[in-house]
Amino acid sequence: MRSQFHWTTFDVNERLPAGWQQDVREVAANADFHEYPRTPTLSREATDVQRIPRGRVHAAHVRARLPWLYQAYRGEFLEMAGEARGERVAAAKDDRYGVVLNVQHGMTMRWECHIDSNPLTGVLFCTDHLGGGELVFAHNPDATDIAAVEQDCSVISPQAGHLIFFDGRRHPHYARSLVAESDVRVVAVMNFYTESCPESTRPAELNRHLYGDD
Ligand SMILES: [Fe+2]
């Protein structure tokens, strides 16, 4: 039987500092935009897709420019993650992949179709949209491209200030592109770990791909 995909949503609007959306937008405008090569092992893009355009604000910049987000990841959001998971969870010790921003603008960027290596992911939606930018999760763990994901899926529409938690290890997922050239989508993505799936299980290949680790 296929495992049922589920997620937990917290509305954290009232817990976030005044002007947080504007802060995030300013930082996101300076994201590192380019065509990222597909992620080894975890990618679930069609074989002919080698690069996916999008923007990323690296963890060090998030920490420096959005300190409230970095602190929430290790504080309030961590507590919520534990509540959503029903067990003790941990934030990443390695600051390079604790909390980052993913950014899409225009109609060609999207978030690569992939599975997660970490057992719990938090996504804070930072923008609202009239359409597009939905986060789409396959029910079929064997879906190997976007078309297969779309055949049978759960769709989560971004809503600014909503923080969701999910286990994306067995449900390939991606973010649809936007439907307006002028639109910008920003999400904060957070990695969490559990006792049975600790940070030490993170694939070394992933760190080599992202950070050039030896
Ligand atoms: Fe993911």
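Structure: see above.
None of these values were measured; they are calculated from a predicted model.

Once that is clear, we can look at the nonpolar core. Ranked by size, the top nonpolar core spans 37 residues in total, and within it Leu69, Phe77, Leu101, Leu124 and Met190 carry the most contacts. Those elements that place two or more of their residues in this core are helix H1 (20–29), helix H3 (67–74), helix H4 (76–85), strand S4 (89–91), strand S5 (99–105), strand S7 (120–125), strand S10 (162–166) and strand S12 (184–194). Those residues in contact with Leu69 that sit more than four places away from it in its chain are Val62, Phe77, Val99, Leu101, Leu124 and Ala188. One finds Ala59, Trp111, Phe137 and Ile156 within the second-largest nonpolar core, a separate group that totals 14 residues.

Rolled over the atoms, a probe as big as a water molecule pinpoints where empty space is left. Here the largest pocket defines a volume of roughly 560 Å³. Looking at the largest pocket, it is lined by 29 residues, and the ones nearest its centre are Thr39, Arg54, Arg56, Leu206 and Leu210. Elements with a minimum of two residues in the lining of the largest pocket: strand S2 (32–37), strand S3 (51–57), S5, strand S6 (111–114), S12 and helix H6 (204–211). Roughly 220 Å³ of internal volume is contained in the second largest pocket. At the level of secondary structure, the elements contributing two or more residues to the lining of the second largest pocket comprise strand S1 (7–11), H4 and S10. A breakdown of the residues in the lining of the second largest pocket according to their chemical character gives six nonpolar, five polar and four charged.

The next subject is the coordination of the iron ion. Within the protein, His114 (NE2), Asp116 (OD) and His173 (NE2) serve as the donor atoms for the iron ion, at 2.0 to 2.1 Å. Between consecutive donor residues of the iron ion, the sequence gaps follow H-x1-D-x56-H. Each member of the pair His114 and Asp116 is classed as buried.

Turning to the pattern of salt bridges, a few remarks are in order. Within the structure shown, the criterion is met by ten salt bridges. For Glu45, the salt bridge goes to Arg110, with nearest N and O atoms at 2.6 Å. With Glu45 in the loop between S2 and S3 and Arg110 in the loop between S5 and S6, this pair connects stretches of sequence that are 65 residues apart. The shortest N-O distance in the salt bridge between Arg63 and Asp95 comes to 2.6 Å. Highlighted residues: Arg63 in helix H2 (residues 59–65) and Asp95 in the loop between S4 and S5, separated in sequence by 32 residues. Judged by relative accessible area, Arg63 falls into the partly exposed class, the value being 42%. Since its relative accessible area comes to 29%, Asp95 is described here as partly exposed. Members of the salt-bridge network, linked through shared partners, are Arg85, Glu87, Asp167 and Arg169.

About the cut-offs
- Residues numbered from 1 in each chain as written.
- Predicted model: local features only at pLDDT ≥ 70, side-chain atom pairs only at ≥ 80, totals over all residues.
- Heavy atoms only, no water.
- Core = buried A, V, L, I, M, F, W, Y, C linked by side-chain atoms within 4.5 Å.
- Buried < 20%, exposed > 50% of the residue type's maximum accessible area, 1.4 Å probe, protein only.
- Helix = DSSP H or I, 4+ residues; strand = E, 2+ residues; numbered from the N terminus.
- Contact = heavy atoms within 4.5 Å.
- 1 Å grid on protein atoms, 1.4 Å probe; cavity = no way out; pocket = protein on both sides within 12 Å on 5 of 7 lines; lining within 4 Å.
- Points joined across faces, edges and corners; volume = space filled by probe spheres on them.
- Nonpolar A, V, L, I, M, F, W, Y, C, P; charged D, E, K, R; others polar.
- Donors = N, O, S within 2.8 Å, 3.2 Å for Na, K, Ca; no water.
- Salt bridge = Lys/Arg side-chain N within 4 Å of Asp/Glu carboxyl O.

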